[in-house]
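Reading the structure
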Amino acid sequence: MSRPRLNKGLVQVYTGNGKGKTTASLGQAVRAIGHGYKVFMLQFMKGSKDYGEIQTAEKYLPNLIIIQSGLETFVSKENPSQADIDLAKQGLATARKVIEEGHYDLVILDEINVALDFNLIDLDDVLEMIKTKPDHVELILTGRYVPKKILDHADLVSEVSLIKHPYYQGVAARKGIEY
Ligand code: ATP
Ligand code: MG
């Protein structure tokens, strides 16, 4: 029996300086999978497997594939390493291939906005990817500092703004909450 496909996939952006962008995209993934859709998430600038969502996908969600294309260390905006740049570009190439193949209904490009802001990847390449995506594929782009030109091509943009975060009361990142 054939599985459901989206009639018209849109482009969503989750941006802003508050917590909730990556987790919003994962919420969309959980919802989509419940209706039989397949989800592919590519995490730019991340290389640690110590994220709960990676364990969840591997153990419990065969229809959620998560790939990382970054180092474990933080990227310097002023002075990114060649490996940071190479991995981000490889990530974009993988994302473009996955989107073009059209096998996944929802493709999440996590932190791609930051990779653009840090100039690890070219804005024109990302715009081209958005413009040429198959009709039935829904795209989600997450991360702070989204470039204006991306917003021009998005159908949905939500900005999460920082009002409070426990980090500013000295609470370190917590397992299962922040990662
Ligand atoms: P989450 O992954 O929890 O949905 P996010 O994707 O919105 O968060 P990022 O901007 O990607 O957040 O930040 C990465 C990490 O920093 C996450 O662990 C997130 O929880 C945490 N974080 C988010 N906003 C803030 C903030 N304003 N101050 C400190 N830490 C934050
Ligand atoms: Mg995030």
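If you're wondering where the values come from, they're calculated on a predicted model, not measured in any experiment.

About the criteria used
Residues numbered from 1 in each chain as written. Chains lettered and ligands numbered in written order. Predicted model: local features only at pLDDT ≥ 70, side-chain atom pairs only at ≥ 80, totals over all residues. Heavy atoms only, no water. Helix = DSSP H or I, 4+ residues; strand = E, 2+ residues; numbered from the N terminus. Buried < 20%, exposed > 50% of the residue type's maximum accessible area, 1.4 Å probe, protein only. Contact = heavy atoms within 4.5 Å. Patch = residues over 30% accessible without salt bridge, like charges linked within 9 Å, V, L, I, M, F, W, Y side chains within 5 Å. Areas by Shrake-Rupley, 256 points an atom, 1.4 Å probe, with all protein chains shown as cover. Salt bridge = Lys/Arg side-chain N within 4 Å of Asp/Glu carboxyl O. Lys, Arg positive; Asp, Glu negative; His and termini not counted. Charge placed at Lys NZ, Arg CZ, Asp CG, Glu CD. Near = heavy atom within 4 Å. Polar contact = N/O pair within 3.5 Å; in protein donor to acceptor, adjacent residues only side chain to side chain. Nonpolar A, V, L, I, M, F, W, Y, C, P; charged D, E, K, R; others polar. Core = buried A, V, L, I, M, F, W, Y, C linked by side-chain atoms within 4.5 Å. Phe/Tyr/Trp six-rings, centres within 6.5 Å; stacked < 30°, edge-to-face > 60°.

A separate point is the overall build of the protein chain. Looking only at helices and strands, one finds six helices and six strands in the protein chain. Seen in sequence order, the protein chain has helices and strands lined up from the N terminus as β-α-β-α-β-α-β-α-α-β-α-β. When its C-alpha atoms are laid out on the principal axes, the protein chain stretches across 50 × 35 × 30 Å. A buried classification covers 44% of the 179 residues belonging to the protein chain. Here the contacts in the protein chain between residues at least 6 apart in sequence split such that 78% fall between residues at least 24 apart.

A contiguous patch of negative charge, built from D122, D124, D125 and E128, is present on the exposed surface. Tracing the sequence through the fold places D124 in helix α5 (residues 123–131).

Our next topic: the site of ligand 1. For ligand 1, the set of nearby residues contains 14 residues, the closest of which are K19, K21, T23, E111 and R144. One of the side-chain N or O atoms of Y168 is found 3.5 Å from a nitrogen atom in ligand 1. One nitrogen or oxygen atom from the main chain of E178 is found 2.9 Å from an oxygen atom belonging to ligand 1. Residues of the shell around ligand 1, tallied by class, amount to three nonpolar, six polar and five charged.

The biggest cluster of nonpolar side chains holds 33 residues, and the ones touching the most others in it are F44, L109 and V126. Elements with a minimum of two residues in this core: β1 (11–15), β2 (39–44), α3 (82–101), β4 (106–110), α4 (112–117), α5 and β5 (138–142). Excluding its chain neighbours within four sequence positions, the residues that come into contact with F44 are S69, A88, G91, L92, L109, D110, E111, I112, A115 and I121. Counting residues in each nonpolar core, the second largest holds 16 residues, with A29, V39, M41 and L64 among its members.

Taken as a whole and assessed by the stated rule, the structure comprises two aromatic pairs. Consider the rings of F40 and Y104, whose centres lie 5.3 Å apart with planes at 55°: the pair is tilted. On the criterion of sequence distance, the pair formed by F40 in strand β2 and Y104 in the loop between α3 and β4 is long-range, its members being 64 residues apart. Looking at F40, the relative accessible area reads 6%, which means it is buried. With relative accessibility at 17%, the residue Y104 sits in the buried group. The interplanar angle of 90° and the centroid separation of 5.1 Å between the aromatic rings of Y167 and Y168 together place this pair among those described as edge-to-face.

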